[in-house]
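Residue-level listing of the chains:
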Amino acid sequence: MYGWRMCTQPPRARISIRARPRRHAPSSDSPQHPAEHGCILLVERLLRVGKVGATGETGTLDDLTTSLFALAEKVQQEIVTAEKIAEGGIAIAHNGNFTNGLSMRRKLISDGAICQSTSDTEVVLHLIARSRAKTSSDRFIDAIGQMEGGYSMIAMTRTKLIAARDPTGIRPLVMGELDGKPIFCSETCALDIIGAKFIRDVENGEVVICEVQPDGSISIDSRKPALKQPERLCLFEYVYFARPDSIVGGRNVYQTRKNMGFNLAREAPVEADVVVPVPDGGTPAAIGYAQESGIPFELGIIRNHYVGRTFIEPTQQIRAFGVKLKHSANKAVIAGARVVLIDDSIV
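It should be emphasised that the depicted structure is a prediction, and the values quoted were computed from it without experimental measurement.

Cut-off values and rules
Residues numbered from 1 in each chain as written. Predicted model: local features only at pLDDT ≥ 70, side-chain atom pairs only at ≥ 80, totals over all residues. Heavy atoms only, no water. Helix = DSSP H or I, 4+ residues; strand = E, 2+ residues; numbered from the N terminus. Buried < 20%, exposed > 50% of the residue type's maximum accessible area, 1.4 Å probe, protein only. Contact = heavy atoms within 4.5 Å. Polar contact = N/O pair within 3.5 Å; in protein donor to acceptor, adjacent residues only side chain to side chain. Pairing = 2+ DSSP bridges. Axes fitted to C-alpha atoms, helices over the stretch in contact; angles between N-to-C directions.

Colleague: Could you clarify how one ought to interpret the environment of T188 in this entry?
Modeller: By secondary structure assignment, the location of T188 is in helix α5 (residues 188-194). Residue T188 is classed as buried on the basis of its relative accessible area of 6%. Note: C-alpha distance between T188 and I247 (59 residues apart in sequence) is 5.9 Å. With residues up to four places along the chain from it excluded, the contact list for T188 reads V174, F198, D245, S246 and I247. A polar side-chain atom of T188 sits 2.8 Å from the main-chain amide nitrogen of I247.

Now the structure itself:
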C-alpha cells in the first residue's frame, strides 16, 4: 500500500546540485571555508520561480539550505490537485506481471520520479499521480492503459473501490457481495471464507468502479476502455495456481484437474500396481487417473504440512534439502510396486 499526494502540474523549478571534494582543509587561523563538511555545493541550473543565486555561485551550506527551502515553499504554492484524493490517499494491490514495468520505471525516473521500492505496482501509482485526468477513476484508467502484461488490480480511495482486469484476461478477478457491499478477489474461495456471495467474473479489459454516494448508497459503473480482445485465461490457473475449491472461468478447479487425470489415463495407459500423487498439487489428477484406469490410488508420498514452498528457493541445494523435509516416501505402500507417479507440473 502507498499513500501520496498527487500533483497535476510539474514544479516550474529544477535545481541540480553537485558536490566537489575540498582539496585543502583550512587552517585554524584562516577564514572559514564557504562550504562545510568536506564539499562545495554549486547550483548548476535554475528555472525561474524563485532566486537562489547565480550559476556557479557558492555560499555556506546553511545559506544554500535556507534558500532551497524558501524555493520549495514557492514551488509548493504552485502545485494544484485536480481532485482532492490527497485527503484520503489511495491503496493499490495487483496480481500478475507488467511486461513493460521496468522500462516504464526507467522512463519515470528519467523524468524526475523518485521510486521508494522495487515493486512494479509503484509504477502505476506514479502514472496516476502524473495523469492530467480530472477524476481518480479516469486517472486510474489512464495509468493502466499505459501498462502491458497480465494482471488483475484493485485500487481504493476514500470513496471508491476500483477493480480492473487486463485486456486479455490472463489473470482472473471475481466480484462478490457481502451485506450489500461489493467485494473483489482473485478466486471464489476467498468469498466462501468470509461468507460472501459470488456475483460474476470481471471481464477481460473491464474496469468496475464502485463509489459511495452522498446518501450512503453505492453506485457501480462498468467501463471497457481497452479494445475488445478474446479472453486468454492462463492455463496454469487450472493446473497449479488456483485452489481446488475455486471456480475459475466458470469451471471448478478440482474437477478440471481430475479430468486431466481421466484424459491422461486414456492417452497413456500403463500396467502398474498403484497410482501415487505428488501432494498436494497432483492429488486430484491422480484420483482421476486411478478411477479411469482401475489401478488403486495410494498415498505413496507423505507431505509434511509444516514446511513451506520449496521451488522458489534460490539454490538447488536448498531446494533439495527442503524437498527432503517436505516429502517422505511411504515405503509400506510402494516397496516392490510398479508406480504411476502423478504431479501437476514439472518445475
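Having seen the structure, we can now continue with the description.
Colleague: So what exactly am I meant to see when it comes to the side chain of T256 here?
Modeller: Mapped onto the fold, T256 is located in helix α7 (residues 253-267). Under the relative-accessibility criterion, T256 is labelled buried at 16%. Residue contacts for T256: discarding those within four places in its chain leaves Y238 and R251.

Colleague: Is there a simple way to explain the sheet that holds strand β4 (residues 149-156) in this structure?
Modeller: Consider a sheet: its strands pair through backbone hydrogen bonds, and that pairing is either parallel or antiparallel. Ordered by their spatial adjacency, five strands build an open sheet running β3-β4-β5-β9-β10, and the pairing between neighbours is antiparallel. Single-partner strands in this sheet number two, and they are β3 (91-98) and β10 (218-223). Put simply, the sheet's adjacent strands are angled 10 degrees from each other on average, direction ignored. The pairing of strand β5 (residues 160-165) with strand β9 (residues 207-212) spans five bridges and is classified as antiparallel. Its bridge partner being in β9, A163 is matched across the sheet by V208. With respect to the sheet, helix α3 (residues 121-130) is in contact with β3 and β4, its orientation differing from that of β3 by roughly 120 degrees.

Colleague: Hey, could you run me through the sheet that holds strand β7 (residues 181-185) in this one?
Modeller: Across the sheet, which stays open at both edges, the three strands sit in the order β7-β6-β8 with antiparallel pairing between neighbours. Each edge of the sheet is formed by a strand with only one pairing partner; in this case those strands are β7 and β8 (197-201). The average angle at which neighbouring strand axes cross in this sheet is 30 degrees, direction not considered. By the bridge criterion, four bridges tie strand β6 (residues 174-178) to β8 in an arrangement that is antiparallel. Residue G176 lies in a different strand from β8, and its bridge partner there is F198.

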